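Okay, here's what each chain looks like letter by letter:
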2 protein chains.
Amino acid sequence: MQWAPSKSIMKKNYLFTPGPTPIPPDAYLAMAQPIDYHRSEESVALIKDILEKLKHVFQTENDVLFLTSSGTGAMEGAVANLLCRGDKVLVIRSGKFGERWAEICTVYGVNIIPIDVPYGDSVAPEAVEEKLTAHPDLTAVFATLCETSTGALHDIEAIAGITRDSPVLLVVDAVSALGADDLQMNSWGVDVVVSCSQKGLMTPPGLAFAALNSRAWDATERSDLPKYYLDFRKAHQRGLEGSVPYTPAVTLLAGLQIALSHICAEGIRNTFSRHARMASATRNAIKTIGLPLFATSPANTLTSIRLPEGIDGKTFVKMMRDKHGITYAGGQGELSGKIVRIAHLGWMNENDVIVAISAFERGLAEIGYDVQLGAGVAAAQEVFAK
Amino acid sequence: MQWAPSKSIMKKNYLFTPGPTPIPPDAYLAMAQPIDYHRSEESVALIKDILEKLKHVFQTENDVLFLTSSGTGAMEGAVANLLCRGDKVLVIRSGKFGERWAEICTVYGVNIIPIDVPYGDSVAPEAVEEKLTAHPDLTAVFATLCETSTGALHDIEAIAGITRDSPVLLVVDAVSALGADDLQMNSWGVDVVVSCSQKGLMTPPGLAFAALNSRAWDATERSDLPKYYLDFRKAHQRGLEGSVPYTPAVTLLAGLQIALSHICAEGIRNTFSRHARMASATRNAIKTIGLPLFATSPANTLTSIRLPEGIDGKTFVKMMRDKHGITYAGGQGELSGKIVRIAHLGWMNENDVIVAISAFERGLAEIGYDVQLGAGVAAAQEVFAK
């Protein structure tokens, strides 16, 4: 059995989903090296090196810790390690992943005050300020950098400007956006950032990360919620020694080290610029094609496109994959069938964007949508040519 | 940076730790295939195929679920999904991993009645029966098939004979032993079995498994402990559809499928026989060398050897790795420096055992222990020649 969905090697597979994202070939090779014991001196050096490189990506002086889990494991860890039963927290819900923060809090008996933002929109920082004023007993704000289900970017810098001089902790889900959209943990004053391996970090899924500042660490000392596998303090203390509380995904760590080396060599600010250019080119193309963007303030991570009436997104996504080897992501939940999401994330360059746009144009034409072939591609090229 | 600890390609690396264990080359190649979206039709088929093959390995008709985590994630999941706050449970503690059951239960406010067994020994099933009689309000027994920290095998068949006709659930940590030591979930009447990818299943760490019978699933409906990422019911329901609640470690799943195909082709009963022969040969060799086995009733998974006074296990293990590329595991916790653990687990055959024994003899000679070179190897060969 093969991973490749195509029967012909010439139908190459192109992955434009917002995670997993394509993996650089040298990272694959690192993961195919004979597996090693996670308590060896070499593994200690590897873990220390990764945790140091992650600081560059997180733009922080704070220590970063890792877990062997999906990003959701780090999200749950943030709730279970920072809060107490009966705490009241603000949760910004603007899609599936903001809703996930609320679900996790509820499971742990944490009371939530939601700010519900229409899908596709981004929260107004003033709304956060109002809620904090109205509820002076809030202990934390749970936010999302890029809401992957809609493609919307939230203004974390502005929200941090509100929380950082208050006793309220700001916890940010940067699962999909880390490495694509700017997040200056230290200089903005974000208290907790969580992310994972399979998006901007160009590594297969299976590793999650969290960075906490000193006041977030203080909160972990007060927290009375149960945690064992997701215990941040244990992961942090062991990590400082290049160790782990439990056997980690050692092959994924080997791949991550290579991927992080590439990001550090490019420089995280340049990584953001590359993603900004790819995002801008994609949006210029989509506008030229004549379709509306779904997010009012879109992230660099991915572009969500609202499909015209009469085009079923599920059918379109399936056809593109089955027939053309092009994997876009459809909509989730109530957006199912209504939007298509094209990621320009991780190990991607301008040519990948051209392939994504060109295939999109051809796919639209194929299902009978009136599209001028090449117009979107030209619009993308114009951005790149600047 | 390379995983290989040696500077010379000729100093090959041999991994004899009880996890991670060596990976078959075709599994590495599967994991190096271009990464795919976890919601594709191909991924659905992959997940369904894996969950079916796992039933053969678990020797059960029950559904198996998987998580992206270490084995400890599945252990915590068993506690969080089966129990209620204030429940009273029996925990068999005979080493680090039995102690882990107790630690997890305590974190969740579950009261434990321990049976403490000296390190290296296995629990007497009568002791379990006595405790169950003395505490009729116990809801579960937490046991370990192979206590990896000592190498001791516990008689799960006998314990299941006590619990299966009572309302008490039997939960077994088969993290290191699955695929090496027999565990007939269905015919013995074990309620819950948890395990992971990087031991007998010849796959890198990062995936954990759990199988529950119907009365264990009933218990999950009553459970009031918080869980989200480790929610067994969600993982189970999605798994039946070839899906997942959260992005799984897709490359590890690709490797696992290959590794499971090998085990299914060998047949799980033959897999046990191979491990039994390797274990028997190793023990015959160690006895011939003149060192005592640490476990009174050793598992097929690994052999723990008590080192003579004057030989520091930490120094010995480090020397074997640094100088000879041979990685054994040392002792953990209070056994640190006192024992050496040699695994014969997963993708291992008779020649691997010969290498492990031969290197062990030479290492002992090198640090001045009076050993007759070749005697242990010959003793191993004699077992294999039978």
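Small disclaimer: the values here were computed from a predicted structure and weren't measured.

1. Comments concerning the pattern of salt bridges
- Per the stated rule, a full pass over the model turns up 28 salt bridges over all chains.
- Salt-bridge contacts for Lys55(B) lead to Glu52(B); the nearest nitrogen and oxygen are separated by 3.8 Å. A residue pair is termed a helical-turn pair when its members lie 3 or 4 positions apart in one helix, as Lys55(B) and Glu52(B) do in helix H2 (residues 41-58) at three residues.
- Look at Lys55(B) and you get buried, because its relative accessible area is 18%.
- Members of the salt-bridge network, linked through shared partners, are Asp36(A), Glu42(A) and Arg321(B).

2. Description of the packing of aromatic side chains
- Applying the stated criterion across every chain, the model contains 14 aromatic pairs over all chains.
- Put simply, the rings of Phe16(A), Phe316(A), Tyr328(A) and Phe360(A) pair up and form one aromatic cluster.
- Over the ring of Tyr228(B) we find Lys234(B), and its NZ or CZ is 3.7 Å from the ring centre.

3. With respect to helix H4 (residues 96-107) of chain B
Residues and elements named next belong to chain B.
- Taking 1.5 Å as the rise per residue, H4 with 12 residues should run 16 Å; its terminal C-alpha atoms sit 16 Å apart, in good agreement.
- Three or more residues of H4 are buried, namely Phe97, Gly98, Arg100, Trp101, Ala102, Ile104 and Cys105.
- Looking one or two residues past H4, Gly109 carries a phi angle of roughly 75 degrees, positive in sign.

4. As for helix H9 (residues 232-240) of chain B
Residue and element names in this part refer to chain B.
- Listed as buried for H9 are Phe232, Ala235, His236 and Gly239. Across the axial projection of H9, the buried residues extend over an arc of 100 degrees, all falling on one side.
- Turning to H9, the residues buried within the fold contact H2, strand S2 (64-68), helix H3 (71-82), strand S10 (207-212) and helix H8 (214-222).
- Capping the start of H9 is the job of one residue whose side-chain oxygen sits 2.9 Å from the backbone nitrogen of Arg233: Asp231.
- Looking one or two places after H9, you find Gly242, whose phi comes out positive at around 70 degrees.

5. Description of the interface of chain B and chain A
- Across the boundary between the two partners, chain B contributes 62 residues, which contact 62 residues of chain A.
- Seen at the junction of chain B and chain A, the total is six salt bridges.
- Across the salt bridge formed by Asp36(B) and Arg321(A), the nearest N and O atoms sit 2.7 Å from each other.
- Scanning the region where chain B abuts chain A turns up 21 residue pairs in polar contact (both at pLDDT 80 or more).
- Of all the elements in the fold, those that place two or more residues in the side of chain B that touches chain A are helix H1 (25-31), H2, H3, H4, helix H10 (250-266) and helix H12 (313-324) of chain B.
- In terms of residue class, the side of chain B that touches chain A is built from 33 nonpolar, 18 polar and 11 charged.

6. Thoughts on unusual backbone geometry
Residues and elements named next belong to chain A.
- A cis geometry characterises the amide bond from Gly19 onward to Pro20, with omega recorded as -5 degrees.
- Looking at the secondary structure, you find Pro20 in the loop between strand S1 (14-15) and helix H1 (25-31).
- A positive phi angle, close to 50 degrees, is found at Gln59, a residue other than glycine.

7. Structural notes on the sheet that holds strand S11 (residues 302-306) of chain B
Residue and element names in this part refer to chain B.
- As summarised here, the arrangement of the three strands in space is S11-S14-S13, forming an open sheet in which the pairing is antiparallel. Only two strands of the sheet have a single partner each, and these edge strands are S11 and strand S13 (329-330).
- As defined by bridge partners, S13 adjoins strand S14 (residues 339-343) across two bridges and the pair is classed as antiparallel. The residue of S14 that forms the bridge with Gly330 is Val340.

8. What about the environment of Lys227(A)?
- Mapped onto the elements, Lys227(A) comes out in the loop between helix H8 (214-222) and helix H9 (232-240).
- The spatial distance from the C-alpha of Lys227(A) to the C-alpha of Ala80(A) is 6.2 Å, given a sequence separation of 147 residues.
- Those residues in contact with Lys227(A), other than ones at most four positions away along the chain, are Ala80(A), Asn81(A), Glu76(B) and Val107(B).
- Reaching out from Lys227(A), the side chain makes a polar contact with the side chain of Ser223(A) at a distance of 2.7 Å.
- There is a polar contact of 2.9 Å between the side chain of Lys227(A) and the backbone oxygen of Leu225(A).

9. Comments concerning the relation of the copies chain B and chain A
- Expressed as a screw transformation, the operator carrying chain B onto chain A has a rotation angle of 180 degrees and an axial translation of 0.0 Å, and the superposed copies differ by an RMSD of 0.0 Å. The two molecules are tied by a two-fold rotation axis, judged by turn and shift. In terms of C-alpha distance to the rotation axis, chain B has Ser69(B) as its closest residue, with the C-alpha 2.5 Å off the axis.
- Looking at chain B, 100% of its interface residues are interface residues in chain A too, so the copies touch through the same face.

10. Here's the deal with the sheet that holds strand S14 (residues 339-343) of chain A
- The strand order S11-S14-S13 (chain A) describes an open sheet built from three strands, whose pairing is antiparallel. Whereas interior strands pair on both sides, the edge strands pair on one side only; in this sheet they are strand S11 (302-306) and strand S13 (329-330) of chain A.

11. Observations concerning the state of the cysteines
All names here are of chain A.
- With the rule as written, the count across this model stands at zero disulfides over all chains.
- Unpaired in this structure, Cys84 has its nearest cysteine sulfur neighbour in Cys105, at a distance of 13 Å.
- On the accessibility criterion, Cys84 (19% relative accessible area) is buried.

12. Quick notes on the pairing of S11(B)
All names here are of chain B.
- By the criterion of burial, S11 is predominantly enclosed, with four of the five residues buried.
- Sheet analysis places S11 next to S14, joined by five bridges and oriented antiparallel. Looking at the pairing, Arg306 lines up with Ile339 of S14.

13. Description of the side chain of Thr282(B)
Residues and elements named next belong to chain B.
- Position of Thr282 relative to the elements: it lies in helix H11 (residues 268-289).
- Residue Thr282 is classed as buried on the basis of its relative accessible area, which comes to 2%.
- Within the structure, Thr282 has its side chain in polar contact with the backbone oxygen of Met278 (distance 2.8 Å).
- Excluding residues that lie within four positions of it along the chain, Thr282 makes contacts with Thr303, His344, Val353 and Ile357.

So, how was this worked out
Numbering of residues starts from 1 in each chain and follows the order in which that chain's sequence is written. Note on labels: chains are lettered from A, ligands numbered from 1, in written order. Two thresholds apply to this predicted model, a pLDDT of at least 70 for residue-level local features and 80 or more for giving and counting side-chain atom pairs, whereas whole-chain, interface and lining totals are computed over all residues. Water and hydrogen atoms play no part in the side-chain values, which are based on all heavy atoms of the structure. Here, a salt bridge means any Lys or Arg side-chain nitrogen found within 4 Å of an Asp or Glu carboxyl oxygen. Helical segments are the DSSP runs of H or I of at least four residues, strand segments are the runs of E of at least two, and each set is numbered from the N terminus. Three labels apply to residues, based on accessible area from a 1.4 Å probe with only protein chains included: buried if under 20% of the type maximum, exposed if over 50%, partly exposed otherwise in between. Any two rings among Phe, Tyr and Trp, with Trp reduced to its six-membered ring, count as a pair given centres within 6.5 Å; such a pair is stacked if its planes are under 30 degrees apart, edge-to-face if over 60, and tilted if neither. Our definition puts a charge over a ring when NZ of Lys or CZ of Arg is within 6 Å of the ring centre and also within 35 degrees of the ring normal. Expected helix span is taken as 1.5 Å per residue step, with the number of steps being one fewer than the number of residues. Throughout, the arc means that of the directions going from the helix axis to the C-beta atoms. What makes two residues a contact is simply this: any of their non-hydrogen atoms within 4.5 Å. Pairing of N or O atoms within 3.5 Å defines a polar contact, subject to two protein rules: one partner must be a possible hydrogen donor and the other a possible acceptor, and residues neighboring in sequence count only if both atoms are side-chain atoms. Note on residue categories: nonpolar means Ala, Val, Leu, Ile, Met, Phe, Trp, Tyr, Cys or Pro, charged means Asp, Glu, Lys or Arg, and polar means any other residue, Gly included. The pairing criterion is simple: DSSP has to find at least two bridges between the two strands. In superposing the copies, a least-squares fit is computed on C-alpha atoms, taking residues whose pLDDT is at least 70 in both. Cysteine sulfurs are considered disulfide-paired once they come within 2.5 Å of each other.

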